[in-house]
Amino acid sequence: MRPARALINLQALRHNYQLAQTLCAGKALAVVKADAYGHGAVVCSQALQDISDGFAVSSLEEALELRAAGIKQPIVLLEGFFHADELALIVAYDLWCMVHAEWQLQAVEQAQLSQPIRVWLKIDSGMHRVGFFPHEVYTVWQRLQASHNVASVVLATHFARADEQYSSRTQEQYQVFLEATRGIQAQVSVCNSPALLAWPDICSDWSRPGIILYGSQPVAAERLNGEQFRPVMTLQSKVIAVRELPAGEPVGYGAQFVSDKPMRVGVVALGYADGYPRHAPTGTPVAVDGKRTRLLGRVSMDMLAIDLTDHVTASVGSVVELWGENVSIDEVAELAGTISYELLCHVKRVKYEYLPI
Ligand SMILES: *Cc1c(COP(=O)(O)O)cnc(C)c1O
């Protein structure tokens, strides 16, 4: 069997969730959208079930998968419904529902529901993706209050630049949010992972940590007091061939790397079809038997090459970590010109192995 694996450390996931909980006095919704950022939404939610305040996903389909797996906690649909006919299932499966646009608001007002639902009112405080404009908020809130289909309302917004520690933009967005919601008595939800790390003064009833649960840190955080988020996924495979090359020999497609001295090159059974970024350049770190070395040349669909010149004991069968404990996914993402979120969501074809709690 092909040795490409994603090892998922559920103990690390639980540790990270509990650490995220300490960053804000309110409750924390574990964001498990997009199959828990590529980690497996059902298994991850089950692993958090006894400690989690609730979960957040991006669609009804994702929520139903969790309910089918026995998840009982609150589940928030971060974009609400995509069609009014989803409302019946939102009631039936007891889901909490973002309302971000006039058409959704009208659908809620006009629906015939057997029970009222809990609505999360999305406010556009400056990201300009989804949500009601600040000047609309009070009227929208009044309409929700007046609707017999609405049980309660949580006020929510999302920050566009919370990972920019030295920009005042997040505080400005927060001020816009506070102004827009002034005089409204309701629970509030504002912080994603970077906001939890970088903006300790901004806190709310419901935080929404995503990426930090999986052990990647979008921004440095002094406030962790030495505690750390632990990588949950280790992406690994094995060396399937080793070749000794003299100086001046090309490696891989396009001869993007040429040996500058006699070299020992390992070929690893993992490529961009497994979700490893093709844009990772020569020099991107990998670890062999726990010791770091580097990627060489272009990543192929099923294979990639690494430098084993200084890894004299490595051979066919040696375990290669592409990211995990020894190689931070944030490092790989930066070198490949992307973010950890995208790398994690793209993992596929590899065999998933869940380390028991
Ligand atoms: C994805 C998402 C989050 C989680 O973001 P992270 O940066 O992964 O913490 C929070 N809130 C909303 C609305 C989201 O879409």
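Model, not experiment: these values are computed from the prediction. (Residues numbered from 1 in each chain as written. Predicted model: local features only at pLDDT ≥ 70, side-chain atom pairs only at ≥ 80, totals over all residues. Heavy atoms only, no water.)

Asks: Explain the site of the ligand here, please?
Replies: With respect to spatial proximity, 13 residues lie near the ligand, and among them Lys 33, Tyr 37, Ser 193, Ile 211 and Tyr 341 are the closest. Note that an oxygen atom of the ligand is positioned 2.5 Å from one of the side-chain N or O atoms of Ser 193. Tyr 341 has a polar side-chain atom sitting 2.7 Å from an oxygen atom of the ligand. Coverage of the ligand by the protein chains reaches 92% of its 390 Å² of free accessible surface. (Near = heavy atom within 4 Å. Polar contact = N/O pair within 3.5 Å; in protein donor to acceptor, adjacent residues only side chain to side chain. Areas by Shrake-Rupley, 256 points an atom, 1.4 Å probe, with all protein chains shown as cover.)

Asks: It is not clear to me how the state of the cysteines should be interpreted in this structure. Could you clarify?
Replies: Two cysteines, two sulfur atoms, one covalent bond between them: this is a disulfide. Tallying each qualifying case throughout the model produces one disulfide. A sulfur-sulfur separation of 2.3 Å characterises the disulfide bridge that pairs Cys 24 with Cys 203. Looking down the S-S bond of the Cys 24 and Cys 203 bridge, the torsion is 110°, so its handedness is right-handed. One end of the pair, Cys 24, is in the loop between helix H1 (10–21) and strand E2 (27–31); the other, Cys 203, is in the loop between helix H9 (193–198) and strand E9 (206–207), and 179 residues separate them in sequence. Given the relative accessible area of 6%, Cys 24 is considered buried. On the basis of relative accessibility, which here comes to 28%, the residue Cys 203 falls in the partly exposed class. (Disulfide = S-S within 2.5 Å. Helix = DSSP H or I, 4+ residues; strand = E, 2+ residues; numbered from the N terminus. Buried < 20%, exposed > 50% of the residue type's maximum accessible area, 1.4 Å probe, protein only.)

Asks: I keep staring at the domain arrangement of the protein chain and nothing clicks. Help me out?
Replies: Partitioning the protein chain into structural domains gives domain 1 (24–208) and domain 2 (233–355). Computed from C-alpha coordinates alone, the two centres of domain 1 and domain 2 are separated by 39 Å. Listed per partner, the contact involves seven residues of domain 1 and six residues of domain 2. Across the interface of domain 1 and domain 2, roughly 610 Å² is buried in total on both sides, 68% from carbon and sulfur atoms. Considering only the surface of domain 1 that becomes buried against domain 2, Tyr 37, Gly 38 and His 39 emerge as the three largest contributors, covering 72% of it. Summed over the shared surface of domain 1 and domain 2, the result is two residue pairs in polar contact (both at pLDDT 80 or more). In terms of residue count, the dominant contributor to the side of domain 1 that touches domain 2 is helix H2 (residues 33–38) (three residues). For the side of domain 1 that touches domain 2, a count of residues per class yields four nonpolar, three polar and no charged. (Domains from an automatic or database assignment. Contact = heavy atoms within 4.5 Å. Buried area = accessible area lost by both parts, 1.4 Å probe. Nonpolar A, V, L, I, M, F, W, Y, C, P; charged D, E, K, R; others polar.)

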